Structure formats: C-alpha cells, structure tokens
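Structure at a glance
One letter stands for each residue in the lines below.
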Amino acid sequence: MPNPLAIPSPELIARLGTIVGPAHALGADDERQAAYLVEPRGKYRGRTPLVLRPGSTAEVAAIAAACNEARVALVPQSGNTGLVGGQTPGEDGAEIVLSLGRLRQIRGVDQARTSMIVEAGLTLAEVRAAAEREGRLFPLSMASEGSCQIGGNLATNAGGVGVLAHGNARQQVLGLEVVLADGRVWDGLRTLKKDNTGYDLRDLFIGCEGTLGIITAAALKLVPRPAEVATAFAALSRLEDVLALFQHAEAMAGGALTAFEFLPRFGIEVVTQHVPGARDPFPDPHPWYVLLDISGSTADGTAERTALTLMAEAAAAGIVADATVADSLARARALWRLREAMSEAQKHAGGSIKHDISVPVPLLPAFIAGAGCVVERVCPGARPMPFGHFGDGNVHYNVSQPRDMDTARFLALWQPMQDAVHGLVVEMGGSISAEHGIGRMKRDELARVKSAVELDLMRSLKAALDPNGILNPGRVL
Ligand code: ZN
C-alpha cells in the first residue's frame, strides 16, 4: 500500500494555479466550481480546494508531477456525465479536480481519412461532427453525446447505441497520448491498424477510469458513413419474441443490423407523458418495443426493403404485434427520441434504483423475468423499467419506486436491491457493469465478483503505474 495521501498545502495550490493561470484555477470559494462537484444523478457530491483547467498536455503533465511529488490526489474529469461516481471529488475536500475540457484541438486527419487525432476535451458530438465533415463516421454514439467528452468516453470504455455493429469505445481507438502519474507523457498516438510489438499499453489505459493515467489525446478510427439507414419500431407481446426478432434480424441483415434496442411499455408511457412532442407510434399498448436500424452502403433502398421484409415476416410468424418503418429522417429521429429520452423521463416516475448489467443475449428474457421476481421481493410494488442494448446483452435495469412510496425510503433499498439483482446476474454468467464502469459505486462489489488472481493483477498494474496512488484513488480498486 502507498503512504497515505496528503491534504493540498497552500503552497501547492498556489504552484498549481501558476501552471494553468489564475483564470483556470478555481479555488474553494469560486462559484464556478459548482459544475464540477456533483454528478448527473446527484448521488455523489464532493468538495475540492481546487479545480484546475489546463489548456495543454504539458500543463496536465506539470500538474501530475507536482501532485505526485506532494502525494496529493487528482480526480480527472471530462464531461462529468459518468454514472458511478468516478469523476466527482470525495467529500473530504482533499482531492484536486483536473478538468480536461480545455483540450479541444483536432490535431489532424490522415490523408485517407481513416483516422483522426483529437484532444480529450471535445464532446463526443463534436468528434462525430468532425468525422462527418470528412465524409466519415465515428460510430460511438449515446444519449449524452452533447456533453460527454471523448477523453472520458475512452477512460471509461463507454458503450452506447453503436456497439452492436462497431464495438465499444475500446474498439474505435488506434492510439493514445497519456500523462502518467509522475508527469511523464506517453506518446502512443499511432494510427496503425496492425502493431504487434509487445504489451498493449493502449488497452491498459482505455477503461482504467483515470486510475492508471490521464488520457489527453487519441487517434480514433474513422469508418465509412452508411449511404442509407432504415429505422423500424416494433411492438411485441413477450420478451421471447424480442429475442426471436433479434435472431431473425441478425440472420437477415447480418452486419447491416446496426442497432437493436428494446423498451418496455412503462418506458413508452413515461416518455409520451413527459417529453413534449413524443407520441406512441401505435394505437394500442404493447408490453415490449424494439427500435432497430438497418444500414446500407449504397443508397438504393435495400435497407428499407430489408426492414419492411423483416417486419412482414416477423408479423406473419406471430413475433411482432405491430410495426412501423420510418418513411422520413424526421420520423426516424422521432422514433429514436423515444429511446433516448427514457432515462431523463424516468425522473418523473419518482426515485429510481439503476443497474447497468449484461448477460449472454439468449438469457435476457430469463434474466428480466427473474429480476422482476427479485425486485418484487425486495420492494413490493416497485416498477422495473428494463431497457437498452438488447443486441449487446446489455440491460439498463432501472427500477422506479412504487407510486405511493416515500422516495427516500425507496432509495434506502438501493443496496439490498442491487445485491439481489447482481446476484442473479452473476449466477447467469453476466457482468455487474456492462458499460458504465466501476467508479466508487461498484468498487466494493468488484472485489466480490473478480477472482483473487484478477484483483492481484489489477493491483500490480496500479502499483506499477501509480506507485503513490494519486490518480483517482478509491475508484475501481
Ligand atoms: Zn446504455
């Protein structure tokens, strides 16, 4: 174990302020700190003597070197959209927040436009727009893309709605630039597809949640933009039918199936009640809904024909109760809005206890049925809202409070509910964190689900790369 971390001294605070300049060193009495202290759900709220907003990799490196020397904790923060408490400072006010939001350069695009080097602080939406300006696609995509930043996406190996076809963040990176705990900079910004020269350092830092190094820039893979995309929305009676539709869609469309999301009736209800302009696509209510995209590389209508045939065949087979294929971009956007607005809209149904889990795709119906029983035992009347990335086996198993229950009393059940749901996940060979990471929220649980060998390897890596333990301490491990 490293020595205990120190409280930042006034001298260190002054020295760090000099590195970034007074306009970008926000002290404890600076009201601009507020945005950096609390995460989006309000579950983690911390204090810090200093928020630093460096403007270059060199400044990040100087900050790390100074904090390492002084044994002071650094909490790297990007768009502050993380959901596991990884990016907010602790309550004791001893950790310094390092915001990457001013690293906003696009450093370059290669001649063939197969890669683009960007700095950590660009939002995911800005990265996607930059790729689009080059006539290319950066396929990482999620509801928070207007505010989450690419550095954070990579540090947490984010998932989202494009994973089915393109993989998660890890699969979309060719190289990285990383500031190490001692202030050295690893320039691994290579754009090679093949580089088989020893240990893969890149994949060590992707998903490390800021505990092994600070990602300051990345070489991202760009792929061709689809020439056409057909969006379909289907209503189904049973979860087994959702699985059958997924298997049918995969068999028919193969790699052209680029999204397969699912929603429950309860989800459609909260969205249509609380999101302006959101409308149920169907006249009758149905227990389950699927939103899927089929993409095509030539604009000849193949994608739409495939989607229409898929829906017709699924209806004939009794899998799908009702279906619509969007006939315009506006209609496709409206259907996607139903899915993307769900997390936000759920707030209107009172307190919710959330899980981000995965199980093998064929076990999803059994998991959701089993989890329903488990939840009912922990809190009778609680209302599960399982939704998400069915095609990846990834469910956001959110549970809203019973209608007439006190919110605080419901949220006090977070631990027993999570233990019960995760118990089922582990039993089914699944993961307790499919795409949100570990942070502080699941740290103690990680120690229970990983083997002694896995934990030992992880601790060895942490000790080797951050011997003083200054980088995001208490997160992940
Ligand atoms: Zn998700």
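Everything that follows concerns the structure shown earlier in this document.
The structure displayed is predicted, hence computed values, not measured ones.

Secondary structure summary: the protein contains 17 helices and 19 strands in total. For the protein, whose C-alpha radius of gyration is 23 Å, the value lies close to the compact-globule estimate of 23 Å for 477 residues. Here the protein, with 477 residues, has 55% of them falling under the buried criterion. Taking all contacts inside the protein whose residues are at least 6 apart in sequence as the whole, residues at least 24 apart take part in 72%. When the accessible surface of the protein is summed, it comes to about 20300 Å², and 53% of that surface belongs to carbon and sulfur atoms. Of note, the protein has its 45 positive side-chain charges centred 2 Å away from the centre of its 52 negative side-chain charges.

To continue, consider the coordination of the zinc ion. The protein atoms that coordinate the zinc ion are His389 (NE2), His396 (NE2) and Glu435 (OE), at distances of 1.8 to 2.2 Å. Read in sequence order, the donor residues for the zinc ion give the motif H-x6-H-x38-E. One end of the pair, histidine 396, is in strand E19 (residues 394-400); the other, glutamate 435, is in the loop between helix H15 (414-427) and helix H16 (443-449), and 39 residues separate them in sequence. Of the residues examined, histidine 396 reaches a relative accessible area of 7% and is grouped as buried.

This part takes up the pairing of strand E5 (residues 106-109). The pairing of E5 with strand E6 (residues 115-119) spans 3 bridges and is antiparallel. The residue of E6 that forms the bridge with isoleucine 106 is valine 118.

Residues Leu245, Phe260 and Phe367 are the most contacted members of the largest nonpolar core, which totals 53 residues. Broken down by element, this core gets its largest block of residues, 7 residues, from helix H8 (residues 239-253). If sequence neighbours within four positions are ignored, phenylalanine 260 has contacts with Leu164, Val242, Leu245, Phe246, Ala249, Val290, Leu291, Leu292, Gly388, His389, Phe390 and Gly391. Grouped together as the second largest cluster of nonpolar side chains are 29 residues, Ala130, Leu154, Trp186 and Ala218 included.

Right, let's get into helix H11 (residues 329-340). Spanning 12 residues, H11 covers 16 Å between terminal C-alpha atoms, matching the ideal 16 Å at 1.5 Å per step. Within the sequence span of H11, burial applies to Ala332, Leu335, Trp336, Leu338 and Arg339. One side of H11 carries all its buried residues, which in axial view fall inside an arc of 145 degrees. Exposed and facing more than 90 degrees away from the buried side of H11 are Ala330 and Arg333.

Turning our attention to the pairing of E6. It is a general feature of regular strands that their side chains alternate between the two faces of the sheet. When you tally the buried positions in E6, you get 5 out of 5 residues, the bulk of the element. Burial along E6 is two-sided: Ser115, Ile117 and Glu119 facing one way and Met116 and Val118 facing the other are all buried. Linking two consecutive strands that pair antiparallel, namely E5 and E6, is a turn of 5 residues; a positive phi of about 55 degrees is found at arginine 113 within it. Relative to strand E10 (residues 214-221), E6 runs antiparallel, the two being bridged by 5 bridges. Residue pairing across strands places valine 118 opposite alanine 218, the latter belonging to E10.

Quick look at the packing of H8 against helix H10 (residues 302-316) now. Taken N-terminus to C-terminus, the directions of H8 and H10 make an angle of 140 degrees; their axes are 11 Å apart at the nearest point. What the angle tells us is that H8 and H10 run oblique. Like other packed secondary-structure pairs, H8 and H10 cross with a definite hand, here right-handed. In contact with Leu245, His248, Ala249, Met252 and Ala253 of H8, H10 contributes Thr306, Thr309, Leu310, Glu313 and Ala314. Of the residues in the contact of H8 with H10, the class split is 6 nonpolar, 3 polar and 1 charged.

What follows concerns the side chain of serine 433. Relative to the helices and strands, serine 433 resides in the loop between H15 and H16. Polar contacts involving the side chain of serine 433 include one to the main-chain carbonyl oxygen of glycine 437, which spans 2.7 Å. Setting aside its immediate chain neighbours within four residues, serine 433 contacts Asp356, Ile438 and Lys442.

Definitions and limits used
All chains use their own residue numbering, which begins from 1 and follows the written sequence. Local features are withheld for residues below a pLDDT of 70 in this predicted model, meaning they are given only at 70 or higher, and side-chain atom pairs are given and counted only at 80 or more; totals for whole chains, interfaces and linings count all residues. Values reported for side chains reflect all heavy atoms of the structure, with hydrogen atoms and water molecules removed beforehand. Helix numbering and strand numbering both begin at the N terminus, where a helix is a DSSP run of H or I of at least 4 residues and a strand a DSSP run of E of at least 2. When we talk radius of gyration, it's over C-alpha atoms, and the globule rule is simply 2.2 Å times the number of residues to the 0.38. Buried, partly exposed and exposed residues are distinguished by accessible area as a fraction of the type maximum, computed with a 1.4 Å probe on protein chains only: under 20%, between the cut-offs, and over 50%, respectively. Only heavy atoms matter for contacts: two residues are in contact if any of them lie within 4.5 Å across the pair. For every accessible area listed, the method is Shrake-Rupley and the probe measures 1.4 Å; residues are considered covered only by the protein chains on display. Only four residue types enter the tally: Lys and Arg on the positive side, Asp and Glu on the negative side; His and the chain ends are excluded. Think of each charge as sitting on NZ of Lys, CZ of Arg, CG of Asp or CD of Glu. A donor here means an N, O or S atom no more than 2.8 Å from the metal, or no more than 3.2 Å when the metal is Na, K or Ca. Since water is not included, a site may seem to lack partners. Here a strand pair is declared whenever DSSP counts at least two bridges between the two strands. Note on terminology: a nonpolar core comprises buried Ala, Val, Leu, Ile, Met, Phe, Trp, Tyr and Cys residues joined through side-chain atoms within 4.5 Å. To estimate how far a helix should reach, multiply one less than its number of residues by 1.5 Å. Starting at the helix axis, one direction is taken to each C-beta atom, and the arc is that of these directions. Axes, fitted as lines to C-alpha atoms, cover a helix only where it is in contact. Angles between the N-to-C directions of the axes lie from 0 to 180 degrees. Should an angle lie under 35 degrees it is considered roughly parallel, over 145 roughly antiparallel, and from 65 to 115 roughly perpendicular; all remaining angles are considered oblique. Note: crossing handedness is left-handed where the near helix turns anticlockwise from the far helix by less than a right angle, and right-handed where it turns clockwise. The residue classification treats Ala, Val, Leu, Ile, Met, Phe, Trp, Tyr, Cys and Pro as nonpolar and Asp, Glu, Lys and Arg as charged. All others, Gly included, are polar. In the analysis that follows, any N or O atom pair within 3.5 Å is treated as a polar contact, provided that within protein one partner can donate a hydrogen and the other can accept it, and provided that, for residues neighboring in sequence, both atoms belong to side chains.

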